[in-house]
Amino acid sequence: MAAKRRYWLMKSEPDVYSIDDLQRDGSTSWEGVRNYQARNFMRDDMREGDLVLFYHSNTKPPGVVGLARVCSSAHPDETAFDANSPYYDAKATSENPIWQLVDVQFISKFPHPVGREDLKADSALEGMLVLKKGMRLSVQPVEPHHFERVVELGNPRGKN
DNA sequence: GCCAACGTTGGC
DNA sequence: GCCAACGTTGGC
């Protein structure tokens, strides 16, 4: 039986890497995650084909701006080996790279970005992880019904 | 710019 | 193993 597709949310600061950057690049390695829980999601739980809500954080307004797809299995984050990278980690070695990532591929930019305020205002999204106070995981799972609802909000019918 | 919440580090 | 101090995240 095929593995069930999972849904995720990945945060990026648009000043660092935005949905437009992903659209331009087509796909990218999700570099720089230096949190074990977030790494574990990428390393242990993500599968090729999983769908991702692309979230802009630390910007005005924060929110989900588009969709992406996981397009690789986990592999070492090479930036950990690069002494000139902001993501350098002296403890990372080729035997034990410590940090791993997946590649993600651009799917779409929402015609209607779903701001954090919109997410909070929608009763169907109650309990969504990203809305929890103090939640700062940059890679986090999303429940299927939450995922579908956000996609609806981002692609409104009968508008535009 | 502020600051609450969180994760990590390191002394003990 | 505890926990205070510190650095970071990220909404506001």
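Because the structure is predicted, anything quoted here is derived from the model rather than measured.

## Regarding the nonpolar core
Looking at soluble globular proteins, one finds that nonpolar side chains tend to be buried together. With 22 residues, the main nonpolar core has Met 10, Trp 30, Met 42, Met 46 and Val 139 as its most contacted residues. Those elements that place two or more of their residues in this core are β1 (7-12), α1 (19-25), α2 (36-45), β3 (51-56), β4 (63-70) and β7 (103-115). Once you skip the residues sitting within four places of it in the chain, Val 139 turns out to touch Leu 9, Met 10, Trp 30, Val 33, Ala 38, Phe 41, Met 42 and Met 46. Of all hydrophobic cores here, the second largest spans 19 residues; its members include Tyr 7, Leu 119, Leu 125 and Val 150.

## Some points on the sheet that holds β7
Spatial ordering of the open sheet is given by β2-β7-β4-β3-β1-β8, a layout of six strands whose pairing is mixed. Bordering the open sheet on either side are β2 (27-29) and β8 (139-141), each of which pairs with just one other strand. Pairs of neighbouring strands in the sheet enclose a mean axial angle of 35 degrees, with direction left out of account. Here three bridges tie β2 to β7, and the two strands are oriented antiparallel to one another. Each bridged residue has a counterpart across the sheet, and for Ser 27 the counterpart in β7 is Gln 105. Contacts between helix α4 (residues 144-154) and the sheet are confined to β1, β3, β4 and β7, with β7 contributing the most and set at about 60 degrees to the helix.

About the cut-offs
- Residue positions are counted from 1 within each chain, in the order its sequence is given.
- Think of it this way: whatever chain is written first is A, whatever ligand is written first is 1, and the rest follow in order.
- Residue-level local features of this predicted model are given only where pLDDT is at least 70; pairs of side-chain atoms are given and counted only at 80 or more, and the full residue set underlies all totals for whole chains, interfaces and linings.
- Side-chain descriptors were evaluated using all non-hydrogen atoms of the structure, hydrogens and water having been removed beforehand.
- Among buried residues, the Ala, Val, Leu, Ile, Met, Phe, Trp, Tyr and Cys ones that are joined through side-chain atoms within 4.5 Å form a nonpolar core.
- Relative accessibility under 20% of the residue-type maximum defines a buried residue, over 50% an exposed one, and the middle range a partly exposed one, all with a 1.4 Å probe and only protein chains included.
- Segments assigned H or I by DSSP are reported as helices when at least four residues long, segments assigned E as strands when at least two residues long, and all are numbered from the N terminus.
- The criterion used for residue contact is that any of the two residues' heavy atoms lie within 4.5 Å.
- Pairing between two strands requires that DSSP report at least two bridges joining them.
- Fitting a line to C-alpha atoms yields each axis, with helices limited to the stretch in contact; the angle taken between N-to-C directions then spans 0 to 180 degrees.

In short, shape yes, function no, at least from these values alone.
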